[in-house]
Amino acid sequence: MLVSPAELVAVAKATITECSVQDIEKCLDEDTIIIDIREPDEYRKGHIPGAIHLARGMLEFEIHNLINAFSTDPSVPNAEQAIVLYCGTGGRSALAAQCLESMGYTNVKSMSGGLVAWATAHLPLDTPAS
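Remember, predicted model here, so these are calculated numbers, not experimental data.

Criteria and thresholds
- Residues numbered from 1 in each chain as written.
- Predicted model: local features only at pLDDT ≥ 70, side-chain atom pairs only at ≥ 80, totals over all residues.
- Heavy atoms only, no water.
- Core = buried A, V, L, I, M, F, W, Y, C linked by side-chain atoms within 4.5 Å.
- Buried < 20%, exposed > 50% of the residue type's maximum accessible area, 1.4 Å probe, protein only.
- Helix = DSSP H or I, 4+ residues; strand = E, 2+ residues; numbered from the N terminus.
- Contact = heavy atoms within 4.5 Å.
- pLDDT = per-residue confidence, 0-100.
- Axes fitted to C-alpha atoms, helices over the stretch in contact; angles between N-to-C directions.
- Parallel < 35°, antiparallel > 145°, perpendicular 65-115°, else oblique.
- Left-handed = near helix turned anticlockwise from the far one by under 90°.
- Nonpolar A, V, L, I, M, F, W, Y, C, P; charged D, E, K, R; others polar.
- Pairing = 2+ DSSP bridges.
- Arc of directions from axis to C-beta.
- Right-handed = clockwise from strand over helix to strand, strands pointing away.
- Disulfide = S-S within 2.5 Å.

Asker: I'd like a rundown of the nonpolar core, residues and numbers included.
Answerer: Among the nonpolar cores identified, the biggest contains 20 residues, and Ile35, Ile63, Leu66, Ile83, Leu85 and Leu100 are the most heavily contacted of them. Elements supplying a minimum of two residues to this core: β2 (33-36), α4 (59-70), β4 (83-86) and α5 (91-102). Residues within four places of Leu85 in sequence aside, it is in contact with Ile35, Ile37, Ser93, Ala96, Ala97, Leu100, Val108, Lys109, Ser110 and Met111. Residues Val84, Leu115, Trp118 and Leu123 belong to the second largest nonpolar core, which totals 12 residues.

Right under this line is the structure:
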């Protein structure tokens, strides 16, 4: 039986933790690592200030190194590091959050609505100089 991408995302969203754009805005200066999992060209067009770019296609291969490099509190085991993932609308980040949880990360969230919701809420974006 084939499963549609929408069904796959729905299953992921039923098992992961999602957070709102307002929740993310509050963590911008905290020890939460915010990861933009969109493609490089999407990231270059605009992203959440302070977000680290790690494209979805390389996430599983690079996440351990990224967490080791950016963990700010040595008393927090890497598996418990607060991580927020976002994409364009929340589908890819939901799938990515599910994957990171299956890798053993215990404090992973997906930003509901993705960058579209962030921009709609008129929250700050880092964009290239025109």
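Asker: Can you explain the confidence of the model for the chain? Please cite residues and give values.
Answerer: Taken residue by residue, the chain gives an average pLDDT of 92. The fraction at 70 or more is 98%. Confidence, read as mean pLDDT per element, is least for helix α2 (residues 21-27) in the chain (85) and greatest for α5 (97).

Asker: Account for the packing of helix α1 (residues 5-15) against α5, naming residues and giving values.
Answerer: Closest axis-to-axis distance for the α1/α5 pair is 9 Å, and the angle between their directions is 55°. Relative to α5, the element α1 is oriented oblique. The crossing of α1 and α5 is left-handed. When α1 is examined against α5, the residues Leu8, Val9, Val11, Ala12, Lys13 and Thr15 are found in contact with a partner set consisting of Gly91, Ala94, Leu95, Gln98 and Glu101. Across the contact of α1 with α5, the residue classes tally to 6 nonpolar, 3 polar and 2 charged.

Asker: Could you give me a rundown of the sheet that holds β2, with the residues and numbers involved?
Answerer: If you trace the 5 strands from one edge of the open sheet to the other, you get β1-β5-β4-β2-β3, paired in parallel fashion. Of all the strands in the sheet, the pair left with one neighbour each is β1 (17-19) and β3 (52-53). Here β2 pairs with β4 via 4 bridges, running parallel. Within β4, the residue paired with Ile34 across the bridge is Val84.

Asker: Which residues make up α4, and what values do they have?
Answerer: Listed as buried for α4 are Leu59, Ile63, Leu66 and Ile67. Viewed end-on, α4 has its buried residues packed into an arc of 100°, placing them on one side of the element. Turned more than 90 degrees away from the buried face of α4 sit Phe61, Asn65 and Ala69, all of them exposed. Buried residues along α4 sit against β2, β3, β4 and α5.

Asker: How would you sum up the pairing of strand β5 (residues 108-111)? Please name residues and give values.
Answerer: Strand direction decides the pairing type here: β1 and β5, joined by 3 bridges, are parallel. Each residue of the ladder has a partner; that of Thr17, found in β5, is Lys109. Of the pairings in the sheet, the one linking β4 to β5 comprises 3 bridges and is parallel in character. Paired with Leu85 across the strands is Ser110, a residue of β5. On the question of chirality, the crossover connecting β4 to the parallel β5 by way of α5 is right-handed.

Asker: Requested: an account of the state of the cysteines, with residues and values cited.
Answerer: Inspection of every chain in the model, using the stated rule, returns 0 disulfides. Between Cys87, a free cysteine, and Cys19, which holds the nearest cysteine sulfur, the sulfur-to-sulfur gap is 12 Å. The class for Cys87 is buried, based on a relative accessible area of 1%.

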